[in-house]
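Given next are the chains, with one letter for each unit.
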Amino acid sequence: MNTVGGTGNVLYSNVIQATNCMTRLRLQLIEKNEYMIEALKKIDGVLGVNEDGDEIQVILGVGRATTVTSAVNKILEATNTVKVGQVKIGDAKALHEKIRKKNATPIKLFFKKISSIFTPLIPGFIACGLITGLVGLAIKISPELASAQIIQLLAIAGNAVFWGMNLFVGVNASKVFGGTPILGGVLAALMTHPGLANINLFDIELVPGRGGVISVIIVAAFGAWLEKNLHKIIPEMFDLFLTPLVTVLTAGTAAIFILQPLGGTLSDAIGAAATTAIQSGGAVVGFILAGVWLPLVMLGIHQAMTPIHVDLISQFGVTILLPILAMAGAGQVGASIAVYFKTKNKFLKKTIVSALPVGMMGVGEPLIYGVTFPLFKPFIGACIGGAFGGAIQATFTVGAATLGISGLPLAATTNNIPIYFFGLVTSYIMGFVATWFLGFDDPPES
């Protein structure tokens, strides 16, 4: 990512830390700088810039976000002592922490923690979900393939990430909550171990894996809290031995008798609520969920859905929520096409042409921040278009065997590919129609 003109020093001198998700470079700033934000928007390859308190999210797209983040971090490391005026990097981090605490709400921080547990797992979800979808499609086309050894091996590969899901989540959750990652993995393994099925305590039959990732997150969080407090009270010479021992025994006991049953109850309630709502409410529920999804994404609340998707896949093999919510992105595509044909602004047309392909592939941020939301009425049109597609997905209870992808690629992982495509095209069309009739104020050429 090249800098703009002479803005290089300005861009990097105000950055404390660079991280990334699947599509965005996330820059934590010493102080908000409008000049820096405008400079970022002008860099070739930047699809949009979103401000979130003292964090700037630079939308780059899948793959590029990881590459650019690595390059930015190398530059930050090379500078060693970044300064803004007379503020050194140590002081800057303290200032950033103070600002972060001031701006962050407990709910927002909680959602970010939950999201950061699953973000590293998304490539695994995508790979395994696509393998599962393609294997299922092959068997539907030619049922005799089900007995082929290579197909059975591929089916195992497709299930691999979900087979080890509790362990992965345990490790990541413990790390996120400040504990030792491997202890979170050990606690998750204890809760998932098949040997639990042979144990009956106080006339209670233990169930391996009960509560899925919901239970694991609860137990890992408790284990991390316990471990941190044990470090404070156990003498240093015994800390290496006693802290992990007491953590596993205490948190493990709490898991078996209290936390795992609690997580199981929550998991069952979530699964029942989602399936009952969609099965009984059908098109109406799908219409509402898909229609409000884009605003929820912009508020950051969408991060709370990740463990729900994972839990549904663990329970039922598919998540019936993801195909519904994916229609919101399809509505964006239709709305943006309408804007393309109505606008006379050449830069806006160019933005749409460059963002449409990734939008159809399920990466909606460039269209949200570069096209529909700044014009606002097309954003409403996109929500309307997505709502109609969501109604179709809910009516036929379409499920997806993965998460982390959307748009066209998600089709291969669904249990009803023709209906999924029907809903997708419906969202395109209704997003186009709604935006065409709502209209918008065409921005002047800059």
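If you're wondering where the values come from, they're calculated on a predicted model, not measured in any experiment. Within every chain, residues take consecutive numbers counted from 1 along the sequence as written. At least 70 in pLDDT is required for a residue's local features to be given in this predicted model, at least 80 for side-chain atom pairs to be given and counted, and no such filter applies to totals for whole chains, interfaces and linings, which use all residues. Computation of side-chain values covers all heavy atoms of the structure but excludes hydrogens and water.

Engineer: I'd like a description of the side chain of Gln 393, backed by residues and values.
Structural biologist: Labels follow the DSSP assignment, with helices taken as runs of H or I lasting at least four residues and strands as runs of E lasting at least two, numbered in each case from the N terminus. Looking at the element boundaries, Gln 393 is found in helix α17 (residues 377-395). Should any heavy atoms of two residues lie within 4.5 Å, those residues are counted as being in contact. Those residues in contact with Gln 393, other than ones at most four positions away along the chain, are Pro 323, Ile 324, Met 327, Val 398, Ile 419, Tyr 420, Gly 423 and Leu 424.

Engineer: Would you mind going over the packing of aromatic side chains in detail, with residue names and values included?
Structural biologist: Ring pairs are drawn from Phe, Tyr and Trp, using the six-membered ring of Trp, whenever the two centres fall within 6.5 Å, and their geometry is named by plane angle: stacked under 30 degrees, edge-to-face over 60, tilted for the rest. All told, the structure shown has seven aromatic pairs when counted by the stated rule. Ring centres of Tyr 340 and Phe 341 lie 5.5 Å apart, and the angle between their planes is 85°; this geometry places the pair in the edge-to-face category. Exposure classes here rest on a 1.4 Å probe applied to the protein chains alone. A residue is buried below 20% of its type maximum, exposed above 50%, and partly exposed in between. Relative accessible area serves as the criterion here: at 55%, Phe 341 is assigned to the exposed category. Their ring planes at 80° and their centres at 5.2 Å tell us that Phe 373 and Phe 379 sit as a pair that is edge-to-face. Taking relative accessible area as the criterion, Phe 373 reaches 35% and is therefore assigned partly exposed. When its relative accessible area of 4% is taken as the criterion, Phe 379 is described as buried.

Engineer: So, helix α2 (residues 34-41): which residues are in play, and what are the values?
Structural biologist: Listed as buried for α2 are Met 36, Ile 37, Ala 39 and Leu 40. One side of α2 holds all its buried residues, which, seen down the axis, span an arc of 165°. The arc in question is the one spanned by the directions pointing from the helix axis to the C-beta atoms.

Engineer: Can you lay out the side chain of His 309 for me, pointing to particular residues and giving the numbers?
Structural biologist: As for its placement among the helices and strands, His 309 is situated in helix α13 (residues 305-316). When residues no more than four places from it in sequence are discounted, the contact partners of His 309 are Thr 319, Leu 321, Leu 322, Leu 325 and Leu 403.

Engineer: Would you mind going over the environment of Ile 218 in detail, with residue names and values included?
Structural biologist: Relative to the elements of secondary structure, Ile 218 occurs in helix α10 (residues 212-233). Since its relative accessible area comes to 23%, Ile 218 is described here as partly exposed. Note: C-alpha distance between Ile 218 and Ala 173 (45 residues apart in sequence) is 8.9 Å. Setting aside anything within four residues of it in sequence, one finds Ile 218 in contact with Leu 259, Gly 263 and Leu 266.

Engineer: I'd like a rundown of the nonpolar core, residues and numbers included.
Structural biologist: The term nonpolar core refers to a set of buried residues drawn from Ala, Val, Leu, Ile, Met, Phe, Trp, Tyr and Cys, joined through side-chain atoms within 4.5 Å. Ile 117, Phe 118, Phe 125, Met 165, Val 169 and Tyr 420 are the most contacted members of the largest nonpolar core, which has 78 residues in total. The element that contributes the greatest number of residues to this core is helix α14 (residues 322-342), accounting for ten residues. The contact partners of Phe 118, leaving out residues within four places of it in the chain, are Phe 125, Val 169, Val 213, Ile 217, Thr 306, Pro 307 and Val 310. Counting residues in hydrophobic clusters, the runner-up holds 18 residues, among them Ala 18, Val 46, Val 58 and Leu 60.

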